[in-house]
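Survey of secondary and tertiary structure
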Amino acid sequence: MTDFKPGGDMHPQDKKNFITFIVLASLIYFGFEYYVFRPHAAALKAQREAQKIEALHKTETLPLLQADRPRAEVIHETTRIPLKNKEIFGTVSLQGLRIDDVSLQNYFVKRDHKDHVNVLNPTGIAGMSRYAEFGWIATNSEVKVPDKNTRWTPVDPAATLNPGAKVTLEWNNGQGLIFERDITLDDHFVITLTQRIRNTSGKTVTLHPYSLVSEHGIPEHFGGRTRTVHEGPIGYIGGELIEKPFQKMASDPLEPHTAPTGWIGITEKYWLAALIPDQKEDMTWRFLYTKSDREGGKDRYQVDMTGQPRTLAPGQSAESTVRLFAGAKIVKQLAAYETSLGVAHFDLAVDFGLFYFLTKPFFYLLDFLFGLAGNFGVAIILFTAMLRIAVFPLANLSYRSFAGLKKIAPEMKTLRETYGDDKKRLQEELMALYSREKVNPMAGCLPIIVQIPVFFALYKVLSITLEMRHAPFFGWIQDLSEPDPTTIFNLFGVIDWTPPQQFMIGVWPCLMLITMILQRSMNPPPQDPIQAKMFAFLPWFMTYIMAQFASGLVIYWTVSNTLSMIQQYVIMRSMGVEVHFFRHPKEEKDMEKKVAEGPAVHPELALIEEKVEDALFGDGPERDESGKKKKPKKDR
């Protein structure tokens, strides 16, 4: 054992142990500092800041006595600055400087043009409230910042908010911080708000800029139709489109997003309130839902964004700029803002849906035709004609196939009579007949396959197009975005009785039914009795469903059917095939009877299988001159 004498020379082993101890202690100390203490301190700081930010988003408790107060009464309670341009009008309250009163000049709730559409509404009114709010969050809770009760002072008491004018307001917190806000209005739907802070105190302060759009309750017309058109919180953040329907906010919350670019808002079918930052700094974007704390209260839906902290030493200042879009979702205007404000995909506020690559071009074409015709219904008819021309080659192929099947109907009937009890032989003989007569029944499916995405894309366009809202056609159709208001169940208005909505089957749906029945009569019956019954029932089912859709879509379908029938009639007559709409010849009736009585065969599917085998494994079975399969030769 070594001895250690205080004040004397250290033994070499002790020196080694001492150095080892110093190294290990240093490693432990700096490791703890770097890996434990600093992250813990940073987490605590972030938690404190998050708590301060979270405090901002607590649900406002609305007094029960104010729940049913008229909108105008609530607005007139506070001193306000008027705002107006050619698209919007409203006021900005000097109390809290919330933007909570914006209405549209050119859009009305109903066709009578009595009540303007309100995009933003103050709290405390009957129905849905929606407002935009801007401010600062201090990291030090002792620093006073403006809130919803702050009384702002306009630099010019007589100022009004018009295009080209700037309104400046200020507030002193009494602690050496002076808050200023500049508000400007463009010619359409954007209000720009610039916040500034001047630090005249002797202390350094740190603040975060924030802005939000908050909605209490949901729009009166909302009926959970988000499968058709998205309504609710929406944002395009960091290159990703995020849509949160109202009814999914409670069950499917979203984590905050951090990105330097994007926009965020709350949308309805035709209207939008959205925040657009300067696209220059990382923002924290959030989608929030808060359930009302009282029975019968209004749930709160909110989108907000918080900027990076501004640290102001004494004598320094800082500012933050954000733009509020509050208006109608006019596609061309949204696209113009993309360019002027440098914000990407602002047009996605319009729900173009899955077939975006078709929906948007369809919209622009319809809008162009509307500009030429001056009537949206006429534009739909012109669009339908152009679409029929575009699919003309495919339709020709289809209708020639149908005509060929009609032409060989007597021979098909004979095969049914000869091989009615032998399903396999019947199918083989039908395939041989198709091959011999060079008839391809599957060719008739091509136009239908092409029309499916076209139909859904057009349905989407007519569902979301603001230009079609309240757009009249002719006669009784005064709004192409709504179902046909007449119904066969009161003889189209002859009987003074309004049936339930599910029985509102109007004139245009009935015209569509007639075209579908006539078109079906021009086509050969399927060789499967179940399919034959389904095809016979389909026009009636489609009419009932389509009667509840926008009348503009029913007009499209009816005109498209009519043009298709004309084209098919010309082709069938050119091939020497008789066309019978209402009185079918005995051969066709006998064929339908034989199909209903006989076995279900699917020669079309067999042809497809054969073609697939040909593509994968080479040539299929050879056929003789009659179209029958040749027996394979035995190997010798």
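Keep in mind it's a predicted model, so treat the numbers as computed, not measured. (Residues numbered from 1 in each chain as written. Predicted model: local features only at pLDDT ≥ 70, side-chain atom pairs only at ≥ 80, totals over all residues. Heavy atoms only, no water.)

Quick look at the overall build of the chain
This is how it is decided: By definition, any uninterrupted DSSP run of H or I lasting at least four residues is a helix, any uninterrupted run of E lasting at least two residues is a strand, and each is numbered from the N terminus. Relative accessibility under 20% of the residue-type maximum defines a buried residue, over 50% an exposed one, and the middle range a partly exposed one, all with a 1.4 Å probe and only protein chains included. In what follows, a contact means two residues having at least one pair of non-hydrogen atoms within 4.5 Å. Residue exposure ignores everything except the shown protein chains as possible cover, and the areas themselves are Shrake-Rupley values with a 1.4 Å probe.
Regarding its fold elements, the chain presents 14 helices and 19 strands. Burial analysis of the chain (636 residues in total) assigns 47% to the buried set. Taking as baseline every contact in the chain between residues at least 6 positions apart, the subset at least 24 positions apart corresponds to 67%. Entry remark: accessible area of the chain is about 33500 Å², with carbon and sulfur atoms responsible for 58%.

Notes on the pattern of salt bridges
Heads up, the condition is: In what follows, salt bridge is the name for a side-chain nitrogen of Lys or Arg lying within 4 Å of a carboxyl oxygen of Asp or Glu.
Under the definition given, this model contains 16 salt bridges. A salt bridge links Asp101 to Arg71; the shortest N-O distance between them is 2.8 Å. Of the two residues, Asp101 sits in strand β3 (residues 101–108) while Arg71 sits in helix α2 (residues 71–75), which places them 30 residues apart along the sequence. By relative accessible area, which is 6% here, Asp101 ends up buried. In this structure, Lys360 engages Asp347 in a salt bridge whose closest nitrogen and oxygen atoms are separated by 2.3 Å. On the criterion of sequence distance, the pair formed by Lys360 in helix α4 (residues 356–373) and Asp347 in the loop between α3 (331–341) and α4 is long-range, its members being 13 residues apart. A relative accessible area of 2% means that Asp347 is categorised as buried.

Observations concerning helix α5 (residues 376–390)
Stated formally: To estimate the expected span of a helix, count its residues, drop one, and scale the result by 1.5 Å. Here a polar contact is taken to be a pair of N or O atoms separated by no more than 3.5 Å, where protein atoms must pair a possible hydrogen donor with a possible acceptor and residues adjacent in sequence count only if both atoms sit in side chains.
With 15 residues, α5 ought to run about 21 Å at 1.5 Å a step, and its terminal C-alpha atoms sit 21 Å apart, in line with that. Listing the buried residues of α5 in full gives Phe376, Gly377, Ala379, Ile380, Phe383, Thr384, Leu387 and Arg388. The N-terminus of α5 is capped by Asn375, whose side-chain oxygen sits 2.8 Å from the backbone nitrogen of Gly377.

Describing the sheet that holds strand β6 (residues 153–154)
Going by this rule: Following DSSP output, two strands are said to pair if at least two bridges run between them. Interaxial angles span 0 to 180 degrees and are taken between N-to-C directions of axes, which are lines fitted to C-alpha atoms, for helices over the stretch in contact.
If you trace the nine strands from one edge of the open sheet to the other, you get β6-β7-β8-β9-β19-β15-β14-β11-β12, paired in antiparallel fashion. The open sheet has two free edges, formed respectively by β6 and β12 (240–243), since each of these has just one partner strand. When strand β7 (residues 166–172) meets strand β8 (residues 177–185), the two strands line up antiparallel, connected through seven bridges. Directly across from Glu170, in β8, lies its bridge partner Glu180. Together, β9 (190–199), β15 (271–277) and β19 (317–328) form the strand contacts of α3, whose direction differs from that of β19 by roughly 165°.

Concerning a nonpolar patch on the surface
Our working rule: Candidate patch residues must exceed 30% relative accessible area and have no salt bridge, after which like charges are joined if within 9 Å and Val, Leu, Ile, Met, Phe, Trp or Tyr side chains if within 5 Å.
A cluster of nonpolar side chains, contributed by Ile488, Phe489, Leu491, Phe492, Val494, Ile495, Trp497 and Phe503, occupies part of the molecular surface with about 770 Å² of accessible area. Mapped onto the elements of the fold, Phe492 is located in the loop between α9 (446–464) and α10 (507–521).

Some points on the packing of α10 against helix α12 (residues 551–574)
Note the cut-off: Orientation is classified from the angle alone, with under 35 degrees giving roughly parallel, over 145 giving roughly antiparallel, 65 to 115 giving roughly perpendicular, and any other angle giving oblique. Crossings are sorted by hand: turned counterclockwise from the far helix by less than a right angle, the near helix makes the crossing left-handed, and turned clockwise it makes it right-handed. Gly is placed with the polar residues, together with every amino acid not listed as nonpolar (Ala, Val, Leu, Ile, Met, Phe, Trp, Tyr, Cys and Pro) or charged (Asp, Glu, Lys and Arg).
Direction vectors running N to C along α10 and α12 enclose 25°, while the axes themselves pass 9 Å from each other. As far as their axial angle goes, α12 and α10 are roughly parallel. With respect to the hand of their crossing, α10 and α12 are arranged in left-handed fashion. From α10, Trp508, Pro509, Leu511, Met512, Thr515, Met516, Leu518 and Gln519 reach across to α12, where they touch Val554, Ile555, Trp557, Thr558, Asn561, Thr562, Ser564, Met565 and Gln568. Taken together, the residues of the contact of α10 with α12 break down into 10 nonpolar, seven polar and no charged.

Re the sheet that holds strand β1 (residues 80–84)
Strands belonging to one sheet form pairs held by backbone hydrogen bonds; the direction of such a pair is parallel or antiparallel. What the four strands build is an open sheet, ordered β1-β2-β3-β4; its pairing is antiparallel. The sheet is open, and its two borders are formed by β1 and β4 (116–120), each paired with just one other strand. The mean inter-strand angle of the sheet, taken between neighbouring strand axes irrespective of direction, is 20°. Bridging between β3 and β4 involves three bridges; their strand directions are antiparallel.

Some thoughts on unusual backbone geometry
For Leu97, which is not glycine, the phi dihedral falls at a positive 55°. Assignment of secondary structure puts Leu97 in the loop between β2 (88–93) and β3. Non-glycine residue His345 carries a positive phi angle of around 50°. The partly exposed category is assigned to His345, whose relative accessible area is 33%.

Details of the side chain of Ser201
Relative to the assigned elements, Ser201 resides in the loop between β9 and β10 (205–216). The class of Ser201 is buried, set by a relative accessible area of 15%. A distance of 2.6 Å separates the side chain of Ser201 from the side chain of Asn199, its partner in a polar contact. Separated by 3.3 Å, the side chain of Ser201 and the backbone nitrogen of Lys203 make a polar contact. Not counting chain neighbours up to four residues away, the residues in contact with Ser201 comprise Gln175, Gly176 and Pro314.

Quick look at the packing of helix α6 (residues 392–407) against α12
Where α6 contacts α12, the axes come no closer than 9 Å and their chain directions differ by 55°. Of the possible angle classes, the one that applies to α6 and α12 is oblique. Regarding α6 and α12, the two cross each other, and that crossing is right-handed. Between α6 and α12, the contacting residues are Phe392, Ala395, Asn396, Tyr399, Arg400, Phe402, Ala403 and Lys406 on the first element and Ser564, Gln567, Gln568, Ile571 and Met572 on the second.

Quick look at the confidence of the model for the chain
Let me state the cut-off plainly: What pLDDT expresses is the predictor's confidence in each residue, scored from 0 to 100.
In this model, the chain carries an average pLDDT of 81, and 78% of its residues clear a pLDDT of 70 or more. This model gives residues 55–66 a pLDDT under 50, and the stretch forms 29 contacts once residues within four places in sequence are excluded.

Notes on the packing of aromatic side chains
For the record, the criterion: Side-chain rings of Phe, Tyr and Trp (the six-membered ring for Trp) are treated as a pair once their centres are within 6.5 Å; stacked means planes under 30 degrees apart, edge-to-face means over 60, and tilted covers the remaining angles. Ring-over charges, as used throughout, are those where CZ of Arg or NZ of Lys falls within 6 Å of the ring centre and within 35 degrees of the ring normal.
Counted by the stated rule, this structure contains 20 aromatic pairs. With 6.2 Å between their ring centres and 65° between their planes, Phe355 and Phe357 make a pair best called edge-to-face. For Phe355, a relative accessible area of 23% gives the class partly exposed. When the ring of Phe362 is compared with that of Phe383, the centres are 5.1 Å apart and the planes differ by 75°; the resulting orientation is edge-to-face. On the criterion of sequence distance, the pair formed by Phe362 in helix α4 and Phe383 in helix α5 is long-range, its members being 21 residues apart. The class for Phe383 is buried, based on a relative accessible area of 1%. Members of the aromatic cluster, joined through ring pairs, are Phe189, Trp263, Phe325, Tyr337 and Phe346. The cationic tip of Arg98 hangs over the ring face of Tyr131; the distance from NZ or CZ to the ring centre is 3.9 Å.

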